[in-house]
Amino acid sequence: AGIVQAEAALSGTTQDPHVDVKATTADLVVSKEKLERALLRIHVQRKLLTVVEGSIRGALADADVRRFQLNLSDMRMAGDIHVARADLSQLQNAKSLQLSGNIRGRVALGGDTRSPQVTARVQTEDLALGVHALGGGPVTLRLAPESTPNTSGRVVEVSARLASDIGLFELVSAYAIERKMV
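Below, the structure is looked at part by part. (Residues numbered from 1 in each chain as written. Predicted model: local features only at pLDDT ≥ 70, side-chain atom pairs only at ≥ 80, totals over all residues. Heavy atoms only, no water.)

This part covers the layout of surface pockets. Of the volumes computed, that of the largest pocket is approximately 1200 Å³. For the largest pocket, the lining is made up of 41 residues, of which Ala86, Leu88, Leu91, Ile103 and Val122 are closest to its centre. Sort the elements by how many residues they give to the lining of the largest pocket and strand S8 (residues 117–129) lands first, with 6 residues. Considering only residue class, the lining of the largest pocket consists of 34 nonpolar, 5 polar and 2 charged. (1 Å grid on protein atoms, 1.4 Å probe; cavity = no way out; pocket = protein on both sides within 12 Å on 5 of 7 lines; lining within 4 Å. Points joined across faces, edges and corners; volume = space filled by probe spheres on them. Helix = DSSP H or I, 4+ residues; strand = E, 2+ residues; numbered from the N terminus. Nonpolar A, V, L, I, M, F, W, Y, C, P; charged D, E, K, R; others polar.)

See below:
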């Protein structure tokens, strides 16, 4: 939900069309999350979609797409999102956990869009669950296709090293997720 303003320009030939699109939003809400202002500029040429510029600005986060390309022939992608600031207390889907704190870092996207590989390497600050302070430190989250033959699952890996006044919390974990097509 939200207000979207968009412009598009077509150029080139029928054999080699070029499409440029610019879209801006105000009051953007996606899956109950208030992203507020967003900007997206894309260029499409020869079945290659390139994000020229992308950003989100608001109380939840300040983030920019640094580079992103999607091959429309095979639906493979590669790109990075730089998160300058994300306020976890603003996440509607985390309110029941009373999650708070800030993160900053990089999210790398790659592989097939139907089964992408996502790696988030972030630095946390003042992380807490309700009244329980967890502190801050590096966290890595990785989502990848399972690498065993004849499987269609995904693997989620999480590692964290959080330091606070009460001590050090270290976590290394991996989970297999089965994917079912409906």
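Counted according to the given criterion, the structure contains 11 salt bridges. Of the charged contacts in the structure, one is a salt bridge between Arg85 and Asp62, with a shortest N-O distance of 3.3 Å. Of this pair, Arg85 sits in strand S6 (residues 76–87) while Asp62 sits in strand S5 (residues 61–71), placing them 23 residues apart in sequence. Given the relative accessible area of 25%, Arg85 is considered partly exposed. (Salt bridge = Lys/Arg side-chain N within 4 Å of Asp/Glu carboxyl O. Buried < 20%, exposed > 50% of the residue type's maximum accessible area, 1.4 Å probe, protein only.)

Across the sheet, 11 strands lie side by side as S1-S2-S3-S4-S5-S6-S7-S8-S9-S10-S11; this open sheet has antiparallel pairing. Two strands lie at the open edges of the sheet, namely strand S1 (3–12) and strand S11 (167–177), each paired on one side alone. Each neighbouring strand pair of the sheet contributes to a mean axis angle of 10°, computed without reference to strand direction. Pairing between S5 and S6: 10 bridges, direction antiparallel. In the sheet register, Asp64 faces S6, and the bridge partner there is His82. (Pairing = 2+ DSSP bridges. Axes fitted to C-alpha atoms, helices over the stretch in contact; angles between N-to-C directions.)

All right, on to the environment of Ala23 then. Among the structural elements, Ala23 can be located in strand S2 (residues 17–30). Ala23 sits 56 residues away from Gly79 along the chain, and the two C-alpha atoms are 19 Å apart. Look past the residues within four positions of Ala23 in its chain and what remains in contact with it is Val4, Gln5, Ala6, Ala38, Leu39 and Leu40. (Contact = heavy atoms within 4.5 Å.)

A few words on the nonpolar core. In terms of nonpolar packing, the biggest core is built from 17 residues, with Val83, Ala86, Ile103, Val139 and Leu162 touching the most fellow members. At the level of secondary structure, the elements contributing two or more residues to this core comprise strand S3 (33–45), S5, S6, strand S7 (99–112), S8 and strand S10 (154–164). Here this core gets 3 residues from one element, more than from any other, and that element is S8. Setting aside its immediate chain neighbours within four residues, Ile103 contacts Val83, Ala84, Arg85, Ala86, Leu88, Val122, Gln123 and Thr124. Core analysis: the second largest hydrophobic core is formed by 7 residues, Val44, Leu49, Val51 and Phe68 among them. (Core = buried A, V, L, I, M, F, W, Y, C linked by side-chain atoms within 4.5 Å.)

One ladder, built from 8 bridges, connects strand S4 (residues 48–57) with S5; its direction is antiparallel. Residue pairing in the sheet places Thr50 in a bridge with Gln69 of S5. Here S4 folds back onto S5, and the loop between the two strands holds 3 residues. The hairpin turn running from S5 into S6, its antiparallel successor, is 4 residues long, and Met75 in that turn takes a positive phi close to 60°.

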